[in-house]
Amino acid sequence: MATKEFLFAGFGGQGLLFSGKVLAYKGLIEEKNVSWLPSYGPEMRGGTANCSVILSDEPVGAPIVLNPDVLVAMNLPSLDKYENAVRPGGIILVDSSLIGRKVQRDDVDVYYVPATKLADENGTGQLANMILMGKLLTVLDSYNEETVSAALEKCISARHADMLEFNRKAMEIGRNYTE
Amino acid sequence: MKGNEAIAEAAIQAGCRHYFGYPITPQTEIAAYMAKRMPKIGGTFLQAESEIAAINMVYGVASAGKRVMTSSSSPGISLKSEGLSYLAGADLPALVVNAQRGGPGLGGIQPSQSDYFQATRGGGHGDYHMIVLAPSSVQEMAQLTIKGFELADQYRMTSMILADGTIGQMMEPVSFDFDIKEQPAKPWATTGTKMAREHNVINSLYLNPELLEKTNIERYKKYELIAQTEAMAEEYLTEDADIIIAAFGIAARVSRNAVNEARAHGIKAGLIRPVTLWPFPSAVFAKAADHAKQIISVELSMGQMIEDVQLATKCRVPVSLCYRVGGMIPTPDQVYQAIVEANEKGGK
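Residues numbered from 1 in each chain as written. Chains lettered and ligands numbered in written order. Predicted model: local features only at pLDDT ≥ 70, side-chain atom pairs only at ≥ 80, totals over all residues. Heavy atoms only, no water.

Observations regarding the overall build of chain B
No. 1: Counting its secondary structure elements, chain B contains 12 helices and 12 strands.
No. 2: A compact globule built from 348 residues should have a C-alpha radius of gyration of about 20 Å, and chain B, at 20 Å, falls within 12% of that.
No. 3: When the backbone C-alpha atoms are referred to their principal axes, chain B occupies close to 70 × 45 × 40 Å.
No. 4: Across chain B, the fraction of contacts at a sequence separation of at least 24, relative to all contacts at a separation of at least 6, is 79%.
No. 5: Across chain B, the 32 positively charged side chains and the 36 negatively charged ones have centroids separated by 3 Å. (Helix = DSSP H or I, 4+ residues; strand = E, 2+ residues; numbered from the N terminus. Rg over C-alpha atoms; globule rule 2.2 N^0.38 Å. Contact = heavy atoms within 4.5 Å. Lys, Arg positive; Asp, Glu negative; His and termini not counted. Charge placed at Lys NZ, Arg CZ, Asp CG, Glu CD.)

Encoded structure:
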């Protein structure tokens, strides 16, 4: 891996910024150069939110991801907006419980995960983002339990230590999910 | 760590124990960090009733000789401008952060660089300057904060960190392995005479015009010295460059990608990134104008720094502008296209 660019996109409140943060910390722990850049409106929930993450062996230049290698789309407007921006040969992860349509392109690898539905069914409501993260790291072949765990511990404050297990569980669900 | 948090932590490490501010996106993380940390280390965090109150609290602590800072974003800096002028008139050291957002007016909350004129020309009324530092990474947010305090104390003037919403909000790894110099003595500060010395007076009012003139001229001698000794810029692949990009902050990060792209296509492109905006690194640009065919100023404004580039190069080479405004950021491809165009045109 020289440089991999990730774009997480959806509504505010879905935890996209958090997903990006976990990925960035995992990269940092694995001694990559990393950048994490959020973009969101003034609302705490609702509105659009997205997050650019770059992992690289080189120093990171522009931190804004315009043509991602990996797109994680958690609502239809995001898929509509960014589908064509993904680099050929890239990956698109779709929360298929929130997005009814299929990806139109045939030059990218697409994974459909009904993450929001799985999160509700498994009592990890709100953690659809981490189910997608589990799936993402699996398809990238970089699900390293040790660094994933360390990254989660960095991103979840001690005050919310009980959330650690929920996040791990959600990532496991994503990891084991097959269409 | 976020860029804004890096500023706050660096300020604490530089010995700043007084922070006064008023919330505004996209810099509120600085205040949030200070609110959490200051009470634990015996410092003062105070959310003032307004930006104007905050900058005047800064004036007070600076008069007492302590390291002090405030932070805001564009509309809030306009409100602070009166205080900035008073700080300059009273020769007080302080650090002020502007995480710029789109303007004019309330504008938007997305990143911008359109306060360049306001920062580099002083901002408030009267003849004065601030030292203006322009970080382009989270690491530099920390580094230049420390540098800002040191320069402010050394020259008894305000340092401004002219950042933008992107660098403030983004997270990157940052190391705090700094060699922080001891704070200089401030014999001029109003610390109480203990009946052992004359009163120190901190004031910006001069009713005697001859004295005010003399004070201003003396202050400009100091500015001249700073211009000669403190200008900083980073050069990237400029040595043999035909096309040179001038860009600071986030625009420089984007431009660096474009320069790499141009080099990959056989175009000799390079980048000059001013780290100090005042003093402007004019000498670096003057030297580059000896061999460059064209300079492109890449800015998140309608073209402000471009004037300093033209002045520095005395218009010996054509200088063009590549920009986005209103919270938009140029893409590396947009900058690359500008390089290609400039290369075809040839220039001087």
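What about unusual backbone geometry?
Residues and elements named next belong to chain B.
No. 1: The linkage connecting G103 with the following residue, P104, adopts the cis geometry, with an omega of 0 degrees.
No. 2: By the secondary structure assignment, P104 is in the loop between strand 4 (94-100) and helix 5 (116-120).
No. 3: The omega angle of the peptide bond from W278 to P279 is 0 degrees, so this bond is cis rather than trans.
No. 4: The backbone of M195 shows a phi angle near 60 degrees, a positive value even though the residue is not glycine.
No. 5: Along the polypeptide, M195 turns up in the loop between helix 7 (165-169) and helix 8 (209-229).
No. 6: At K314, a position not held by glycine, the phi torsion is positive, near 50 degrees.

Re the packing of helix 1 (residues 16-29) of chain A against helix 5 (residues 145-155) of chain A
Residue and element names in this part refer to chain A.
No. 1: Interaxial distance between helix 1 and helix 5 falls to 8 Å at its minimum, and their mutual angle equals 125 degrees. Classified by the angle their axes make, helix 1 and helix 5 are oblique. As helix 1 runs across helix 5, the sense of the crossing is right-handed. Here helix 1 contributes F18, K21, V22, Y25, K26 and I29 to the contact with helix 5, which in turn contributes T147, V148, A150, A151, L152, K154 and C155.
No. 2: By residue class, the composition of the contact of helix 1 with helix 5 is nine nonpolar, one polar and three charged. (Axes fitted to C-alpha atoms, helices over the stretch in contact; angles between N-to-C directions. Parallel < 35°, antiparallel > 145°, perpendicular 65-115°, else oblique. Left-handed = near helix turned anticlockwise from the far one by under 90°. Nonpolar A, V, L, I, M, F, W, Y, C, P; charged D, E, K, R; others polar.)

Things to note about the side chain of B:S159
No. 1: Inspection of the secondary structure assignment puts B:S159 in strand 6 (residues 158-164).
No. 2: In this structure B:S159 touches B:A94, B:L95, B:V96, B:I131, B:G148, B:L151 and B:A152, once residues within four positions along its chain are discounted.

Quick notes on the pattern of salt bridges
No. 1: A complete count under the given rule lists 27 salt bridges over all chains for this structure.
No. 2: Connected via shared salt-bridge partners are A:E5, A:D69 and A:R87. (Salt bridge = Lys/Arg side-chain N within 4 Å of Asp/Glu carboxyl O.)

Re the sheet that holds strand 11 (residues 294-299) of chain B
Strand-to-strand pairing in sheets goes through backbone hydrogen bonds, with the strands running parallel or antiparallel.
Residue and element names in this part refer to chain B.
No. 1: Read from one edge to the other, the open sheet built from five strands follows the order 7-9-8-11-12, with strand pairing classed as mixed. Looking at which strands have only one partner, the edges of the open sheet turn out to be strand 7 (233-236) and strand 12 (319-323). Taken pair by pair, the neighbouring strands of this sheet meet at an average axis angle of 20 degrees, ignoring direction.
No. 2: Two elements, strand 8 (residues 243-246) and strand 9 (residues 269-274), share four bridges in a ladder whose sense is parallel. If you follow I245 over to strand 9, its bridge partner there is L271.
No. 3: Strands strand 8, strand 9, strand 11 and strand 12 of the sheet are contacted by helix 12 (residues 332-345), whose axis makes an angle of about 160 degrees with strand 11. (Pairing = 2+ DSSP bridges.)

Some points on the packing of aromatic side chains
No. 1: A full pass over the atoms with the stated rule returns seven aromatic pairs over all chains.
No. 2: Taken together, a centroid distance of 6.4 Å and an interplanar angle of 65 degrees make the contact between B:Y116 and B:F117 edge-to-face.
No. 3: A relative accessible area of 30% means that B:F117 is categorised as partly exposed.
No. 4: Aromatic pair B:F176 and B:F178: ring centres 6.0 Å apart, planes at 85 degrees, arrangement edge-to-face.
No. 5: A cation over a ring is seen here: A:K102 above A:Y112, with NZ or CZ 4.1 Å from the ring centre. (Phe/Tyr/Trp six-rings, centres within 6.5 Å; stacked < 30°, edge-to-face > 60°. Buried < 20%, exposed > 50% of the residue type's maximum accessible area, 1.4 Å probe, protein only. Lys NZ or Arg CZ within 6 Å of the ring centre and 35° of its normal.)

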